[in-house]
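Descriptive structure summary
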Amino acid sequence: MRVATLESIISRSDLPTLPTVYSRLEAAIEDPRSSTTSISAVISSDATLTARLLRIANSAMFQFPSQITSISTAVRVVGTRQIRDLALATIVIGMFERFNPPVGKMEMFWQHSIACGVAARVVGAQRREVNVERFFVAGLLHDIGSLLLYLHMPEQMMVAMKHASEGSLPLHVIEKDLIGFDHAELGAALLSQWGLPAALHRAVRYHHSPDQCVDFRMDASIVHVSDVIVNALEIGNRPDAFVPPLMDEVWASLGLPTAVLAPSIEQIDRQITVMSNVMQGKT
Amino acid sequence: MAKISLDRLSEGMILGADVVDGNGRLLAKQGDPLTERKIFNMRAWGVLEADVESSSMAPAGMEVIEGFSAPLLELAKAHVDKLFQLVNHEQPMLQELHRLCVLRHAHLLKGAI
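Residues numbered from 1 in each chain as written. Chains lettered and ligands numbered in written order. Predicted model: local features only at pLDDT ≥ 70, side-chain atom pairs only at ≥ 80, totals over all residues. Heavy atoms only, no water.

Scanning chain B for helices and strands turns up three helices and four strands. Start at the N end of chain B and walk to the C end: the helices and strands fall as β-β-β-α-β-α-α. Each of the 113 residues in chain B was classed as buried or not, and the buried ones make up 40%. Counting contacts in chain B only where the partners sit at least 6 residues apart, residues at least 24 apart contribute 59% of the total. On chain B, roughly 6,300 Å² of surface is accessible, and the fraction owed to carbon and sulfur atoms is 55%. (Helix = DSSP H or I, 4+ residues; strand = E, 2+ residues; numbered from the N terminus. Buried < 20%, exposed > 50% of the residue type's maximum accessible area, 1.4 Å probe, protein only. Contact = heavy atoms within 4.5 Å. Areas by Shrake-Rupley, 256 points an atom, 1.4 Å probe, with all protein chains shown as cover.)

Take the interface of chain B and chain A next. Contact residues are listed per partner, giving 17 residues for chain B and 28 residues for chain A. Taken together, the two surfaces of chain B and chain A that pack against each other cover about 1,800 Å², and 67% of this comes from carbon and sulfur. Considering only the side of chain B, the residues that lose the most area to chain A are B:Leu83, B:Leu86 and B:Met93, jointly responsible for 39% of the buried surface there. Inspection of the chain B/chain A interface yields one salt bridge. Its salt-bridge partner being A:Asp269, residue B:Arg104 comes within 2.9 Å of it at the nearest N-O pair. If you look at where chain B meets chain A, you find six residue pairs in polar contact (both at pLDDT 80 or more). Among the secondary structure elements, those contributing two or more residues to the side of chain B that touches chain A are α2 (70–83) and α3 (92–112) of chain B. The class makeup of the residues in the side of chain B that touches chain A is ten nonpolar, four polar and three charged. (Buried area = accessible area lost by both parts, 1.4 Å probe. Salt bridge = Lys/Arg side-chain N within 4 Å of Asp/Glu carboxyl O. Polar contact = N/O pair within 3.5 Å; in protein donor to acceptor, adjacent residues only side chain to side chain. Nonpolar A, V, L, I, M, F, W, Y, C, P; charged D, E, K, R; others polar.)

The next point concerns the environment of A:Met218. Residues and elements named next belong to chain A. Assignment of secondary structure puts Met218 in helix α14 (residues 217–233). Overall, Met218 belongs to the partly exposed group, its relative accessible area being 24%. A sequence separation of 168 residues divides Met218 from Thr50, and the C-alpha atoms of the two residues are 30 Å apart.

Next up on the list: helix α16 (residues 261–279) of chain A. Owing to its 3.6 residues per turn, the α-helix brings residues three or four apart onto one side. Helix length check: α16(A), at 19 residues, gives a terminal C-alpha distance of 25 Å against a target of 27 Å (1.5 Å per residue), a fit within 8%. Its axis deflected by about 30° at A:Gln271, α16(A) carries its strongest bend there. Restricting attention to buried positions, one finds in α16(A) the residues A:Leu261, A:Ser264, A:Ile265, A:Ile268, A:Gln271, A:Ile272, A:Val274, A:Met275, A:Ser276, A:Val278 and A:Met279. Elements in contact with the buried residues of α16(A): α4 (47–57), α6 (80–95), α7 (106–126), α8 (133–141) and α14 of chain A together with α3 of chain B. Just downstream of α16(A), A:Gly281 is the residue with a positive phi angle, here 65°. (Expected span 1.5 Å × (residues − 1). Bend = angle between axes of the 7 residues up to and from the residue.)

Further remarks concern the packing of helix α5 (residues 71–78) of chain A against α6(A). All names here are of chain A. Where α5 meets α6, the closest approach of the two axes is 6 Å, and the angle between their N-to-C directions is 115°. The angle between α5 and α6 places the two elements in the roughly perpendicular class. Note on element contacts: α6 touches α5 through Thr80, Gln82, Ile83 and Leu86, opposite Ala74, Val75 and Val78. Classifying every residue of the contact of α5 with α6 gives five nonpolar, two polar and no charged. (Axes fitted to C-alpha atoms, helices over the stretch in contact; angles between N-to-C directions. Parallel < 35°, antiparallel > 145°, perpendicular 65-115°, else oblique.)

Moving on, we get to the state of the cysteines. For the structure on display, the rule yields zero disulfides over all chains. No disulfide involves A:Cys116; its sulfur sits 14 Å from the nearest other cysteine sulfur, which is in B:Cys101. A relative accessible area of 0% means that A:Cys116 is categorised as buried. (Disulfide = S-S within 2.5 Å.)

Residues and elements named next belong to chain B. Residue-level pLDDT values for chain B average 83, and 86% of them are 70 or greater. Mean pLDDT in chain B bottoms out at strand β1 (residues 2–5), which sits at 70, and peaks at α2, which reaches 93. Interface confidence for the predicted complex, expressed as ipTM, amounts to 0.89; the pTM equals 0.80. (pLDDT = per-residue confidence, 0-100.)

Under the counting rule described, the total for this entry stands at 16 salt bridges over all chains. A salt bridge links A:Arg121 to A:Glu133; the shortest N-O distance between them is 2.9 Å. Taken together, the residues A:Arg121 in helix α7 and A:Glu133 in helix α8 connect sequence positions twelve residues apart. Notably, a salt bridge pairs B:Glu96 with B:Arg99, separated by 3.1 Å at the nearest N-O pair.

So, about a nonpolar patch on the surface. A contiguous nonpolar surface patch, about 250 Å² in accessible area, is contributed by A:Met158, A:Val159 and A:Leu178. Along the chain, A:Val159 turns up in helix α10 (residues 154–164). (Patch = residues over 30% accessible without salt bridge, like charges linked within 9 Å, V, L, I, M, F, W, Y side chains within 5 Å.)

This part covers the nonpolar core. Counting residues in hydrophobic clusters, the biggest one holds 117 residues, and the most contacted among them are A:Trp110, A:Ile229, B:Phe84 and B:Leu97. Considering each element in turn, this core owes the most residues, eleven residues, to α7(A). Those residues within four positions of B:Phe84 in sequence are excluded, and the remaining contacts are A:Ala232, A:Val243, B:His89, B:Leu94, B:Leu97, B:His98 and B:Cys101. Counting 15 residues, the second largest nonpolar core, distinct from the first, contains B:Ile4, B:Leu6, B:Val47 and B:Ala50. (Core = buried A, V, L, I, M, F, W, Y, C linked by side-chain atoms within 4.5 Å.)

Next comes the structure, spelled out in structure tokens:
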């Protein structure tokens, strides 16, 4: 089996690149002179993105009292940073829509990813965090490195997943042993290559080991806990999936009582249907 | 083996000893799985409790929860235990998550039957 290095995968010329609409949106939001109008103009230049963001804003996730018919209203009521994060989520799912790697089931992958995003959003909300959409994106993208592994190292991944299905070691440990790096490291490298914020690639990089995360540990911790919850709920689980080990101190650091689990799971179940439909462009 | 009162017996539990009524009449044999019919007969003949194999019982506190029978919960628990095999069962967060997942899976099984 040919083993590639993380660097050789990340420097491939056929690596997916983030569409320019995202960098233009980012620039518009960071520009102190920008307005709702200029931000909306960027979004409106992409018809699919516009349609999906409007659907999200009008979904049961937000429960706004009246219908939101324009992107400028959506930006105002949802919030600029929140809209940017939801746009990123929508764009990345769109990029991989026709992706068909030799191993791994794409439908399961996105089911698990969307569920983890929704769970991170719910856990963030339980902590009364201001922008919960940033946790949604982090949860959504936490396993993005697996897609590159499925595509570029299918043989090794088949072996790794078969080994993981025996249930003695978590998949990321097997990957590290077999390939030299794991999906978390590769995913973080991809997001960093795309120029996405540190909070996001740290959350992805350390979702199995938030204790090793120096900055943005909260983001990594929320994704870590969400991954545990979603695997336990068996939403989009791979056949080799087990509930990954939970770090005691990480759960404790979130300051949430165990009693939040039951209502959180109800919310996760409700929001998943909405998010999967909108994110994957289903009616 | 544990003595279980009649109202906590449920279908699928395995008898750890013969069940006889006050007159020594044999109602069910050791090793028999309980059926609704057998439980009905025991009640009719005034039996108050029966010995049940511990392995066929749900863990304490889980006998009949939210309308699920013990065997159904046992099946659900076995499934969830497998899923949780990599984690530390001492953690209260995971104990609660495990409990919720057992109920969730029991719902699923009930729907499938």
